[in-house]
Amino acid sequence: MTDWSALTRSPGRRRSRSINAENPTGAPGQAAMTASALGPSRKGRPAISLESGETATLADITGPGTIRHLWMTVPDKTAAGPWVLRDLVLRMWWDDDEQPAVEVPLGDFFCNGFGQRALVTSEPIVVAPTGGLNSYFPMPFHRHARIELTNEHPGTVGGIYYQIDYTVDDELVDDTALFHAHWRRSNASTAPAEDHVILDGIVGSGNYVGTYIGLTALERFWWGEGEVKFYLDDDEEYPSQCSTGLEDYAGGAWAFQDALRTNPPPVPLTFSAPYCGYPFYSAEDTTGHSPFVTSTLQSHGMYRWHLPDPVIFHQRLRITLQQIGAWDHGHFERSDDISSVAYWYQLPGGANDLPSLPSREHRRPR
């Protein structure tokens with residue numbers, strides 16, 4: 001889906017820039033200025049540290065421009081606890097908006113939910129060994145872009161490395177759609193037959209481009225019969241689009257396992273592909289922060305990118321996920337612990353009504 005044709009054309013007025021700890025403003029001719037024990041301009045400031053409760057402004061850019069690549073890596077645990085990827089919060093603002101267009105726990109934004117790392121090899125998100133977090137979503141802005149990282153972890157998080165690659169003086173049309181991402185959780189908080197809400201309160205027009213789902217199964221048997229439902233524009237009782245099941249939506253089939261059988265027990269099969277994947281499965285605590293038995297509830301992480309097939313909306317958008325299970329005696333209603341990230345592009349002028357990110361205590365993984 002990447003359009004490489006721009007590389008063979010004149011760049012026009014555009015200029016490439018890059019922000020990291022070695023050049024926190026992205027100013028030309030100002031990178032790698034800090035000295036180290038090795039001498040001037042020898043890896044003097046490669047990373048930053050955040051105290052508990054502290055916020056760092058990673059980027060503050062005057063537009064027009066387009067953020068083209070984000071790279072970060074952080075420790076996944078400290079002496080204060082294991083949930084750094086869920087405790088760090090990534091926020092982004094475009095132009096004159098008061099509310100962030102992106103407000104997501106850092107790990108979940110990069111399809112690493114549950115506060116744990118998983119390798120991801122997809123078109124817009126890549127998580128490389130060991131914890132290299134990459135986003136290739138283009139993020140245009142007309143006048144201003146600000147990216148912040150807030151530490152809600154109970155201790156200091158050091159070794160925060162980051163790089164933001166972007167262009168300035170882009171020629172953007174007035175109705176250029178802007179990037180958004182939103183996190184939600186239903187933590188056993190839904191009644192039977194009540195769907196998990198991935199996204200609602202969206203008023204405007206644009207393209208929905210992807211979903212990350214992190215599900216911890218709170219009941220036994222198969223957990224993934226629920227359909228993802230897209231209510232577009234005038235839809236009320238019934239949606240215009242839906243999947244046939246959660247593993248189907250994420251590009252898999254027959255329960256993400258090697259066979260449907262009871263003996264021997266089936267083996268989960270993770271995978272990662274350009275537009276869909278099931279990169280994470282765990283039924284064991286690996287944090288090393290407890291001396292007790294390490295067996296846990298089963299947790300599953302999956303993604304689906306609607307890049308070749310965007311879900312188009314002109315007035316409103318609402319997306320839900322049914323919670324339906326299955327066993328030998330048929331389907332049944334469930335109430336699991338589901339977290340999700342919705343990714344979309346929306347034209348300026350919308351009037352979204354989104355809830356704020358829950359507190360750290362309400363984001364803690366099971």
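Residues numbered from 1 in each chain as written. Predicted model: local features only at pLDDT ≥ 70, side-chain atom pairs only at ≥ 80, totals over all residues. Heavy atoms only, no water.

> Go over unusual backbone geometry, please, and point to the residues and values.
In terms of backbone geometry, most residues other than glycine have negative phi values and most peptide bonds are trans. Here the amide bond leading from Pro129 into Thr130 is cis, since omega sits at -20°, within 30 degrees of zero. Following the sequence through the fold, Thr130 ends up in the loop between strand 8 (125–128) and strand 9 (132–135). Here the amide bond leading from Asn263 into Pro264 is cis, since omega sits at -5°, within 30 degrees of zero. Inspection of the secondary structure assignment puts Pro264 in the loop between helix 3 (246–249) and strand 18 (271–272). Notably, Phe114 is not glycine yet its phi reads approximately 65°, a positive angle. (Helix = DSSP H or I, 4+ residues; strand = E, 2+ residues; numbered from the N terminus.)

> Lay out the state of the cysteines with the relevant residues and their values.
Each disulfide consists of a covalent bond between the sulfur atoms of two cysteine residues. Inspection of every chain in the model, using the stated rule, returns zero disulfides. Note on Cys111: no disulfide assigned, nearest cysteine sulfur contributed by Cys276 at a separation of 12 Å. As a non-bridged cysteine, Cys242 has Cys276 as the owner of its nearest cysteine sulfur, 18 Å distant. (Disulfide = S-S within 2.5 Å.)

> Describe the sheet that holds strand 16 (residues 228–232), listing the residues and the values that go with them.
Read across the sheet, four strands follow the order 14-22-16-17 without closing on themselves; strand pairing throughout is antiparallel. Each having just a single partner strand, strand 14 (196–203) and strand 17 (241–242) make up the two edges of the open sheet. Relative to strand 22 (residues 316–321), strand 16 is paired through five bridges, and the arrangement is antiparallel. Across the sheet, residue Leu232 finds its bridge partner in strand 22, namely Leu317. (Pairing = 2+ DSSP bridges.)

> Talk me through the packing of aromatic side chains; I want residue IDs and the actual numbers.
Aromatic ring pairs: the centre-centre distance and the angle between the two ring planes describe each pair. In this structure the tally under the stated criterion is 17 aromatic pairs. Ring centres of Trp94 and Phe141 lie 6.4 Å apart, and the angle between their planes is 10°; this geometry places the pair in the stacked category. On the criterion of sequence distance, the pair formed by Trp94 in strand 5 (residues 88–94) and Phe141 in strand 10 (residues 139–141) is long-range, its members being 47 residues apart. Judged by its relative accessible area of 0%, Phe141 is buried. Seen from their ring centres, Phe114 and Phe280 are 5.2 Å apart, and the 20° between their planes marks the pair as stacked. Here the residue Phe114 occupies a position in the loop between helix 2 (106–109) and strand 7 (120–121), and Phe280 occupies one in strand 19 (residues 276–284), the gap between them amounting to 166 residues. Taken individually, Phe114 and Phe280 each receive the classification buried, so the pair is uniform in this respect. Three or more aromatic residues joined by ring pairs make a cluster, and in this case those are Phe109, Phe110, Phe137, Phe179, Tyr303, Trp305, Tyr343 and Tyr345. Just above the ring of Trp93 sits the side chain of Arg146; from NZ or CZ to the centre is 3.9 Å. (Phe/Tyr/Trp six-rings, centres within 6.5 Å; stacked < 30°, edge-to-face > 60°. Buried < 20%, exposed > 50% of the residue type's maximum accessible area, 1.4 Å probe, protein only. Lys NZ or Arg CZ within 6 Å of the ring centre and 35° of its normal.)

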